[in-house]
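Read off the chains here:
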Amino acid sequence: MGPTIIVGILALVMGACISGIICFKQGIAYRQKQAESVMGSAEKEADRIIDSANAEAENKKKTALVEAKDEIYKLKSEAEKEIKDRRSEISRQERRIQQKEENLDKKNDNLERKEDVLANKIKSADEKLSEAEAIKKSQMDILERISEFTKDQAKEYIISMLESELVHEKALKIANYEQQIKDCCEEKARNYISLAISRCAAEQVSESSVSVVALPNDEMKGRIIGREGRNIRTLETLTGVDLIIDDTPEAITLSCFDQVRREVARIALERLISDGRIHPTRIEEMVDKARREVEHKIKQEGERAVLETNVHNINHELVKLIGRLRFRTSYRQNVLDHSIEVAQLAGIMASELGVDANMARRAGLLHDIGKSLTSEIEGSHVQIGVDVCKKYKESPEIIHAIEAHHNDVEPTTVIACIVQAADAISAARPAARSENYESYIKRLQKLEEICSSYDGVDKCFAVQAGREVRIMVAPEVINDEKMVIVARDIVKRIENEMDYPGQIKIHIIRESRAIEYAK
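Just so we're clear, the structure is a prediction, and the values are computed from it rather than from any experiment.

Draft legend 1. Structural detail: the overall build of the protein. Counting its regular elements, the protein contains 14 helices and eight strands. Counting all 519 residues of the protein, 27% fall into the buried class. Within the protein, contacts between residues separated by at least 24 positions form 61% of all contacts whose residues are at least 6 apart in sequence. Counting every atom, the protein has about 35600 Å² of accessible surface; 54% of that belongs to carbon and sulfur.

Here it is in structure tokens:
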């Protein structure tokens, strides 16, 4: 390659570089111009925005100033109005206060005048009083000289005369009021009792101490007796009931005063007759089943009594004891029927008297609960019932009513008196109870004979079916202290010489009478 070519190439390269540098500088110059034009436009736009914002701010400032001036004017007007109203109110109050002050001044003037008048009247009254005292003193002196009594002696004489007259008047008034109250109470009591009896008309069937079991034929008697009497002995031993097999056709009599045992024997015997297999082992099975059935029946009877009397929340053990009363009699009256009847009567009477009828029914139903345990626990049925109800958390009112229904304690509540009356009504009504007539008469005669044997006894009467004896004594022979001794002696003799159910109340009456006739 020649030098000329190299020089040409170098010249071309240098020309290209120079032309590139010139083009680059021209591009830079163009961009600078473009940027300067854009910056100029931006500055103009910024100036325009600033001018617009300043103008808008100026407008808003003017608007705010106008609104502020309006608000200030409005507040000023309201303040001026309020000040004006307050000033008018203050002026009214000032006028009112001024009027009150004027009225007070007038009242003060009137009071001063009245005080002057009152002072004059008091002065005049004092003068008259002193004058009256002087006159009274002179008259008293004259009276003392005439009557020959001092003032104190005359006062005592007049008071004694008044007392003697007032004692008579007071006695007449008291006797009159007592008679009126007694008549009114007796009338109301008769009405309440007659209403209760009419609303509780219960039937009564006397209970007997024997049960009769029908036989399909007379040959069954031999099977019941068994070989050498082993069947009848087993049945009597297991149940405690006497089987009476006599000439009565197709019938066997069960005799026992314990109705539970008699019922167990009856059910067992009827099932044995129905089954046909009669031997000691089978008898034991049937007696056991009969006992369970009687226990279930006792529970059902207790629940029935509770539902029938509308008594709730009774302990389930008490319910069982109530059911046992179905198999307990008193003077051939069924005790459960008697208890239900007493509960109903007590509830009716309590409703009429405005007393708690639920509590009265409860006390009436439970009043003889002790009779279900008298064969197992020693003591009177009243005390047994009290102990049982205490054990099962009955209320004190119920326990007191049970304790007082035979006057073991004095009744202190209305419920106790109601239960006592209901018990007497249920037991004393016709056909409720029965007893051997001859033994009943002998017992009453023996009671009256014992009571009449004491000196000073004028008359004696056995009342309430022999539950009470009323003894009239001569007041000049037996005084108040001796009455207690006579009553205790009579109680001891009755306990030692007589047999009787329940308790007997000895009531000694000593009466002194003073009789005069006004002519």
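Draft legend 2. Just the nonpolar core, in detail. Ranked by internal contacts, the top residues of the largest apolar core, which has 41 residues, are Ile314, Leu318, Ile322, Leu365 and Val388. The set of elements that each furnish at least two residues to this core consists of α6 (280-309), α7 (316-324), α8 (335-353), α9 (357-366), α10 (381-391), α11 (396-404) and α12 (414-428). Ranked by the residues each element gives to this core, the list is headed by α8, at nine residues. Those residues within four positions of Leu318 in sequence are excluded, and the remaining contacts are Ile369, Val388, Tyr392 and Glu394. Val213, Leu254, Ala265 and Ile278 belong to the second largest nonpolar core, which has 26 residues in total.

Draft legend 3. Quick peek at the packing of α8 against α9. Across the interface, α8 lies against α9 with an axial gap of 7 Å and an inter-helix angle of 155°. Between α8 and α9, the crossing angle belongs to the class labelled roughly antiparallel. Taken as a pair, α8 and α9 cross one another with a handedness that is right-handed. Residue-level contacts link Ser339, Ile340, Val342, Ala343, Ala346, Gly347, Ala350 and Ser351 of α8 to Ala357, Ala360, Arg361, Gly364 and Leu365 of α9.

Draft legend 4. Structural context of the environment of Glu303. Locating Glu303 in the fold gives a position in helix α6. Taking the C-alpha atoms as reference points, Glu303 and Ile314, separated by 11 residues in sequence, lie 9.8 Å from one another.

Draft legend 5. Quick peek at the sheet that holds strand β7 (residues 468-473). Read across the open sheet, the three strands follow the order β6-β7-β8; overall the sheet is mixed. Either end of the sheet is taken by a strand with one partner, and the two such strands are β6 (457-463) and β8 (505-510). Neighbour to neighbour, the strand axes of the sheet diverge by 20° on average, direction disregarded. Sheet topology note: the β7/β8 ladder contains six bridges and is parallel. Each bridged residue has a counterpart across the sheet, and for Arg470 the counterpart in β8 is His507. With respect to the sheet, helix α14 (residues 480-497) is in contact with β7 and β8, its orientation differing from that of β8 by roughly 150°.

Draft legend 6. Representation of helix α5 (residues 259-275) in the model. Relative to the 24 Å expected for 17 residues at 1.5 Å per residue, α5 spans 24 Å between its end C-alpha atoms, a close match to the ideal helical length. When α5 is considered as a whole, its buried residues turn out to be Gln259, Arg262, Glu263, Val264, Ala265, Ile267, Ala268, Leu269, Leu272 and Ile273. Gly276 lies just past α5 and shows a positive phi near 90°.

Draft legend 7. The pattern of salt bridges, seen in detail. Under the criterion given, the structure shown has 22 salt bridges. The salt bridge involving Arg266 is made with Glu263; its shortest N-O contact spans 2.6 Å. One end of the pair is Arg266 and the other is Glu263, both in helix α5 and three residues apart, which spans about a single turn. Ionic pairing is found between Asp368 and Lys371, a salt bridge with its closest N-O pair at 3.6 Å. With a relative accessible area of 7%, Lys371 lands in the buried category. The network of salt bridges with shared partners includes Glu301, Arg304, Glu308, Arg326 and Asp337.

Draft legend 8. Structural detail: the side chain of His405. Relative to the assigned elements, His405 resides in the loop between α11 and α12. A polar contact of 3.5 Å, which involves the side chain of His405, links it to the side chain of His381. Residue contacts for His405: discarding those within four places in its chain leaves His367, Asp368, His381, Val382, Val419, Gln420 and Asp423.

Draft legend 9. Representation of the confidence of the model for the protein. Averaged over all residues, the pLDDT of the protein is 81; the fraction at 70 or higher stands at 88%. Mean pLDDT across the elements of the protein ranges from a minimum in helix α2 (residues 151-199), with 69, to a maximum in α11, with 91.

Draft legend 10. Region of interest: unusual backbone geometry. Here the phi dihedral of Asn313 falls at roughly 55°; this positive angle occurs in a residue that is not glycine. The topology assignment puts Asn313 in the loop between α6 and α7. Residue classification places Asn313 among the exposed positions, given a relative accessible area of 76%.

Draft legend 11. Representation of the side chain of His400 within the structure. The residue His400 is located in helix α11 in this model. Sequence-distant contacts of His400, that is, excluding residues within four places in its chain, are made with Val409, Glu410, Pro411, Thr412, Thr413 and Ala416.

Draft legend 12. Main features of the packing of helix α4 (residues 230-239) against α6. Relative to each other, α4 and α6 sit at 30°, their axes nearing to 10 Å. By the criterion of interaxial angle, the relationship of α4 to α6 is roughly parallel. The two elements α4 and α6 cross, and the hand of that crossing is right-handed. Contacts from Arg230, Asn231, Thr234, Leu235, Leu238 and Thr239 in α4 reach Pro280, Ile283, Glu284, Val287 and Arg291 in α6. Its residues assigned to classes, the contact of α4 with α6 comprises five nonpolar, three polar and three charged.

Draft legend 13. A look at the environment of Val473. Examined against the element boundaries, Val473 turns out to sit in strand β7. A relative accessible area of 7% places Val473 in the buried class. Put simply, Val473 and Ser452 are 21 residues apart on the chain and 9.9 Å apart in space, counted from C-alpha to C-alpha. Residues contacting Val473, with those up to four places away along its chain left out, are Gly456, Val457, Asp458, Ile478, Ile508, Ile509 and Arg510.

Draft legend 14. Summary view of the pairing of strand β3 (residues 251-255). Among the five residues in β3, four count as buried, and that is most of the element. Two elements, strand β2 (residues 242-244) and β3, share three bridges in a ladder whose sense is antiparallel. Within the sheet, the bridge partner assigned to Asp242 lies in β3 and is Ser255. From the end of β2 to the start of β3, which pair antiparallel, there are six residues, and Glu250 there has a positive phi angle of about 55°.

Cut-offs used in this document
Residues numbered from 1 in each chain as written. Predicted model: local features only at pLDDT ≥ 70, side-chain atom pairs only at ≥ 80, totals over all residues. Heavy atoms only, no water. Helix = DSSP H or I, 4+ residues; strand = E, 2+ residues; numbered from the N terminus. Buried < 20%, exposed > 50% of the residue type's maximum accessible area, 1.4 Å probe, protein only. Contact = heavy atoms within 4.5 Å. Areas by Shrake-Rupley, 256 points an atom, 1.4 Å probe, with all protein chains shown as cover. Core = buried A, V, L, I, M, F, W, Y, C linked by side-chain atoms within 4.5 Å. Axes fitted to C-alpha atoms, helices over the stretch in contact; angles between N-to-C directions. Parallel < 35°, antiparallel > 145°, perpendicular 65-115°, else oblique. Left-handed = near helix turned anticlockwise from the far one by under 90°. Pairing = 2+ DSSP bridges. Expected span 1.5 Å × (residues − 1). Salt bridge = Lys/Arg side-chain N within 4 Å of Asp/Glu carboxyl O. Polar contact = N/O pair within 3.5 Å; in protein donor to acceptor, adjacent residues only side chain to side chain. pLDDT = per-residue confidence, 0-100. Nonpolar A, V, L, I, M, F, W, Y, C, P; charged D, E, K, R; others polar.

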